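Each chain, letter by letter, is given below.
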Amino acid sequence: MAGAPGPAPPTEGGGEARPAWDNKLQYLLSCVGFAVGLGNLWRFPYLCQMYGGGAFLIPYVIALAFEGIPLFHIELAIGQRLRRGSIRVWTTILPYLGGVGLGCFTVSLLASLYYNMVLTWVLWYLLNSFQHPLPWSACPPDLNRTGLVQECQGSSPVSYFWYRRTLNVSADISDSGPVQWRLLLCLAASWAVVYLCVIRGIETTGKAIYFTALFPYLVLTVFLIRGLTLPGAIGGLTYLFTPDMRVLQNPRVWLDAATQIFFSLSLAFGGHIAFASYNQPRNNCRRDAVSVALVNSMTSLYASIAVFSVLGFKAASDHGQCLDRNILRLINAFDLPEQSISRDDYAAALARLNVSQPARVAGLPPEACRLEDFLDKSASGPGLAFIVFAEAVLHMPAAPAWAVLFFGMLYSLGLSSMFGNMESMTTPILDLGVMARRVPKEALTGLVCLLCFLTSSCFTLRSGSYWLEIFDQYATALNLILLAFFEVVGVVYVYGMKQLCDDIAWMTGRRPGFYWRATWKVVSPLLLLTIFVAYIALLASSPPGYKAWNPQYEQFPSQQGKPYPSWVLAACALLSFLPTLWVPVVALGQLLTRCREKTRNPPQDGGLKPRGSRAC
C-alpha cells in the first residue's frame with residue numbers, strides 16, 4: 001500500500017545527524033538557483049530566435065516531458081531516499097556503480113573551473129560599470145595620443161573592450177602568453193565570494209540563496225518593464241516568437257531542444273542528489289521535480305521576452321542610424337536641402353532618385369538597411385552578454401545604471417549555480433570520510449576552493465578563452481549524457497523499478513503512475529542514447545576548430561577560423577570521456593577486488609557457492 005512504512009532511512013556513519021534545510025523554501029530556491037543559470041538567459045533566447053520562434057517550443061516541451069522531468073524526479077528521489085551524496089548513493093545501490101558517482105563528481109569539478117571563470121568576466125564588467133561613460137562606449141586614444149587605436153577603429157569599441165581590454169586574447173591557441181593579472185585578481189575574488197557563501201554547506205548557502213535566486217527575477221522584471229517601453233521592443237518580440245513550422249523538419253532543432261532541457265536542469269552533475277539528501281524523508285519529491293522544472297522553463301521564456309525587448313530596441317536604433325547615414329549620403333551627393341528626407345520618406349526618395357539618376361545612386365552605394373538583418377545579429381553565450389547586450393545598454397538612458405543591474409543579475413545567476421556545483425563536490429567528500437572528522441567543514445571547503453582557483457588560473461592566460469570554450473564543449477556535454485543514461489539504467493534496472501516505486505510511495509504517499517514508469521523504463525533511456533549518437537554524429541560532421549580574434553586577419557573584424565593542433569585535439573578527446581571512464585574503471589576494480597577476496601578466502605568444500613562466483 002502507498003502508505004505502508006518503507007525501510008528505515010540510512011543513518012550517517014559515525015552516528016552524526018545529517019544536516020537539514022531550515023525550511024522547504026530554502027531547498028526549492030537552491031534547486032531553482034542551481035537549475036536556472038546563465039544558459040537560461042543567453043542560450044534559450046538564441047535557440048528560440050534561430051529555430052523558428054514559437055515553433056521551437058514544440059520540441060522543447062516534448063523533451064521536457066519525456067526527458068527532463070523524469071530524470072530530474074529520479075535524482076531527487078534517490079538522493080532523498082538514500083540520504084547520500086552522488087558517490088555513496090551509487091555505491092549503496094551497487095558497488096560496481098561507484099564510477100557513476102565519481103563521474104558526476106569529476107564533471108562538477110571541471111564545470112566549476114570554467115563556470116567561475118565566466119563569473120570572473122562578469123565581475124570585471126560589473127566593476128567597470130561604475131563609471132560614466134562606460135569604458136566600452138568609445139575607442140581609446142593610441143600611444144601617441146594623435147588618434148584612436150587602430151584595432152578598435154577596425155572593429156568596434158564594444159568588441160575591442162571584450163577581446164583586448166578584458167581577455168587580451170592571443171591570435172592562436174598555441175600562444176598562451178602571460179597571465180592577465182587583472183583577471184587573476186577578479187578570479188581570486190570570485191572564488192573568495194563562492195567560499196564565503198558555501199563555507200558551511202547548506203547552513204550558509206541556504207541563507208545566501210534568498211538573494212542569489214530571487215534578485216535575478218527582480219532585475220529581469222525591471223528590464224522587461226523598461227524594455228517594453230522602448231521603441232522597437234514589440235518588433236523584437238514579434239521576430240522572436242513568430243512561428244516557422246518548417247524548421248521542425250530539421251533534426252538539429254530536436255537535438256538542440258533536448259540538450260537545452262538537459263543542461264538547463266543541471267542533470268547528472270550530482271548537485272540535485274546532494275540537495276535532496278538533506279530533505280526530510282517524507283518530502284514530496286515528485287511535486288518538487290515538476291515544480292522546479294516548470295519554473296526553470298518559465299524563467300527561460302521570461303528571460304527571452306526581457307532580453308529581446310531590449311535587443312529589439314537596439315536593432316531599431318541601429319536601423320535608424322543606418323538610415324541616417326544613407327540619408328546623409330543622398331543629401332551630400334545630390335545637393336539636397338538638409339532635413340529634406342526623413343527616415344519614413346527614405347525608401348520613397350531613394351526609389352525616385354534611382355529612377356531619375358540610377359548611375360549616381362549606384363556610385364554611392366547606399367547601405368542595405370533592413371530591420372530583420374539587425375534583429376538577426378543576436379548571439380549566444382558570452383557573445384550575447386559581453387558584446388550584443390553590452391552594446392544595447394549603451395543606447396539606453398543612464399547606461400551605467402543598467403549595466404550594473406545587468407551584470408549584477410548575471411553574477412547572481414551564476415553564483416547560485418555554483419552553489420550546486422560546490423555541493424556536488426563537498427558532499428561526497430564528507431560522506432566518504434576522505435578527511436578526518438576533526439577537520440572542520442570550513443577547512444575542507446577552503447581547500448576545495450583553493451585547488452579550484454589554482455587550477456582555473458590557466459583561463460587567465462591570453463589563450464584562456466579558447467581553452468574555456470574547449471572545456472564547455474567537450475568536458476561536460478557527452479559525459480553528462482552518458483552519466484544520465486547510467487543513472488536511469490542503474491536506478492530502474494539495478495536498484496529495481498519495484499523498489500523505486502515502493503520508496504516513492506513511502507515518501508510521497510502515491511505510487512508512480514504509468515507515465516513515470518514508461519519514461520523511466522523505456523522512453524528516457526532511448527532518448528538519451530539517441531541524443532548521444534546524434535551528438536557524436538554532429539561532432540564528427542564538422543572538423544574541430546575555433547574562432548580566433550586576429551587583427552592581422554584579412555577579413556578582420558570577422559574572426560578567423562582555425563583547426564585545433566594535434567595536441568589540443570588529444571586534450572579534447574581526453575576531456576570528452578575522462579569523467580565517464582570512471583564507470584568501467586571502478587566496475588573492473590570492484591570485480592578484481594571480489595575475485596581477490598574469493599581467492600584468499602575460498603568457500604569450504606561442500607558449502608554453498610556464493611552468488612555471482614562464476615564472474616571470476
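Conventions we followed
- Residues numbered from 1 in each chain as written.
- Predicted model: local features only at pLDDT ≥ 70, side-chain atom pairs only at ≥ 80, totals over all residues.
- Heavy atoms only, no water.
- Helix = DSSP H or I, 4+ residues; strand = E, 2+ residues; numbered from the N terminus.
- Rg over C-alpha atoms; globule rule 2.2 N^0.38 Å.
- Buried < 20%, exposed > 50% of the residue type's maximum accessible area, 1.4 Å probe, protein only.
- pLDDT = per-residue confidence, 0-100.
- Contact = heavy atoms within 4.5 Å.
- Salt bridge = Lys/Arg side-chain N within 4 Å of Asp/Glu carboxyl O.
- Axes fitted to C-alpha atoms, helices over the stretch in contact; angles between N-to-C directions.
- Parallel < 35°, antiparallel > 145°, perpendicular 65-115°, else oblique.
- Nonpolar A, V, L, I, M, F, W, Y, C, P; charged D, E, K, R; others polar.
- Disulfide = S-S within 2.5 Å.
- Expected span 1.5 Å × (residues − 1).
- Phe/Tyr/Trp six-rings, centres within 6.5 Å; stacked < 30°, edge-to-face > 60°.
- Pairing = 2+ DSSP bridges.
- Left-handed = near helix turned anticlockwise from the far one by under 90°.
- Patch = residues over 30% accessible without salt bridge, like charges linked within 9 Å, V, L, I, M, F, W, Y side chains within 5 Å.
- Areas by Shrake-Rupley, 256 points an atom, 1.4 Å probe, with all protein chains shown as cover.

**Student:** Explain the overall build of the protein chain residue by residue, including any values.
**Tutor:** Secondary structure assignment for the protein chain yields 25 helices and two strands. A compact globule built from 616 residues should have a C-alpha radius of gyration of about 25 Å, and the protein chain, at 27 Å, falls within 12% of that. Taking the principal axes of the C-alpha coordinates as reference, the protein chain spans close to 110 × 50 × 45 Å. Scored against the burial criterion, the 616 residues of the protein chain give a buried share of 52%.

**Student:** Can you break down the confidence of the model for the protein chain residue by residue, with the values?
**Tutor:** With 94% of its residues at a pLDDT of 70 or more, the protein chain shows a mean pLDDT of 87. Across the protein chain, the element-wise mean pLDDT spans from 77 in helix α17 (residues 371-375) up to 96 in helix α9 (residues 181-198). Scored below 50 in pLDDT, residues 1-9 makes 18 contacts in the model with residues more than four places away or belonging to other chains. Note on residues 11-15: pLDDT is under 50 here. Beyond four places in sequence and across chains, it has seven contacts.

**Student:** Account for the pattern of salt bridges, with residues named and values stated.
**Tutor:** Applying the stated criterion across every chain yields a total of 16 salt bridges. Among the salt bridges present, the one from Glu 151 reaches Arg 164, with a minimum N-O distance of 3.1 Å. Here Glu 151, found in helix α7 (residues 150-154), pairs with Arg 164, found in helix α8 (residues 157-166); they are 13 residues apart in sequence, far enough to count as distant. You'll find Glu 151 and Arg 164 in the same group, each marked buried. Each of Arg 43, Arg 252 and Asp 256 takes part in salt bridges that share partners, so that together they form one network.

**Student:** I'd love a proper account of the packing of α9 against helix α10 (residues 202-228), names of residues and values included.
**Tutor:** Running from amino to carboxyl end, α9 crosses α10 at an angle of 110°, the nearest separation of the two axes being 6 Å. In this view, α9 runs roughly perpendicular relative to α10, as classed from their interaxial angle. Facing Leu 196, Cys 197 and Val 198 of α9, the residues of α10 in contact are Thr 204, Thr 205 and Ala 208. A per-class count over the contact of α9 with α10 returns four nonpolar, two polar and no charged.

**Student:** Can you tell me about the state of the cysteines, naming the residues and giving the values?
**Tutor:** Applying the stated rule across the entire model yields two disulfides. Disulfide partner of Cys 139: Cys 152, at an S-S distance of 2.0 Å. Where Cys 139 bonds to Cys 152 through sulfur, the torsion about that S-S bond is close to -85°, and the disulfide is left-handed. Placement of the pair is Cys 139 in the loop between α6 (98-128) and α7 and Cys 152 in helix α7, with a sequence separation of 13 residues. Overall, Cys 139 belongs to the buried group, its relative accessible area being 18%. A relative accessible area of 1% places Cys 152 in the buried class. In this model, Cys 322 is linked to Cys 369 through a disulfide, with the two sulfur atoms separated by 1.8 Å. Residues Cys 322 and Cys 369 are joined by a disulfide whose S-S torsion is about -75°; by sign, that bridge is left-handed. Residue Cys 322 is found in helix α14 (residues 285-334), and its partner Cys 369 is found in the loop between α16 (358-362) and α17; the two are separated by 47 residues along the sequence. Each member of the pair Cys 322 and Cys 369 is classed as buried.

**Student:** Please give an account of helix α12 (residues 251-264) that cites residues and values.
**Tutor:** Taking 1.5 Å per residue, 14 residues should reach 20 Å; α12 reaches 20 Å between its end C-alpha atoms and fits that length. A large share of α12 lies buried, amounting to 10 of its 14 residues.

**Student:** Lay out the packing of aromatic side chains with the relevant residues and their values.
**Tutor:** By the definition in use, this model includes 38 aromatic pairs. Ring geometry for Tyr 125 and Phe 386: centres 4.9 Å apart, planes at 40°, overall tilted. In this pair, Tyr 125 is assigned in helix α6 and Phe 386 in helix α18 (residues 382-394), connecting sequence segments 261 residues apart. Note on Tyr 125: relative accessible area 0%, which makes it buried.

**Student:** Explain the pairing of strand β2 (residues 560-563) residue by residue, including any values.
**Tutor:** Taking every second residue as pointing to the same face, the buried face of β2 carries Gln 560 and Lys 562, while none of Gly 561 and Pro 563 on the other face is buried. The pairing of strand β1 (residues 545-548) with β2 spans four bridges and is antiparallel. Of the residues in β2, the one forming a bridge with Tyr 546 is Lys 562.

**Student:** Can you explain the environment of Val 404? Please cite residues and give values.
**Tutor:** With respect to the helices, strands and loops of the structure, Val 404 is situated in helix α19 (residues 399-432). C-alpha of Val 404 to C-alpha of Thr 530: the two residues are 126 residues apart in sequence and 42 Å apart in space. Residues contacting Val 404, with those up to four places away along its chain left out, are Leu 126, Ser 129 and Phe 130.

**Student:** Describe the packing of α9 against α19, and please don't skip the residues or the numbers.
**Tutor:** Closest axis-to-axis distance for the α9/α19 pair is 10 Å, and the angle between their directions is 60°. Classified by the angle between their axes, α9 and α19 sit oblique to one another. Once α9 is placed against α19, the crossing between them reads as right-handed. Across from Ser 190, Trp 191, Val 193, Val 194, Cys 197 and Val 198 in α9, the residues of α19 making contact are Tyr 411, Leu 415, Met 418, Phe 419 and Met 422. Partitioned by chemical class, the residues of the contact of α9 with α19 number 10 nonpolar, one polar and no charged.

**Student:** So, a nonpolar patch on the surface: which residues are in play, and what are the values?
**Tutor:** There is a patch of nonpolar side chains on the surface, built from Leu 432, Val 434, Met 435, Leu 447, Leu 450, Leu 451 and Leu 454 and spanning about 620 Å² of accessible area. With four residues, helix α20 (residues 441-456) is the largest single contributor of residues to the nonpolar patch. Note that Leu 450 resides in helix α20.

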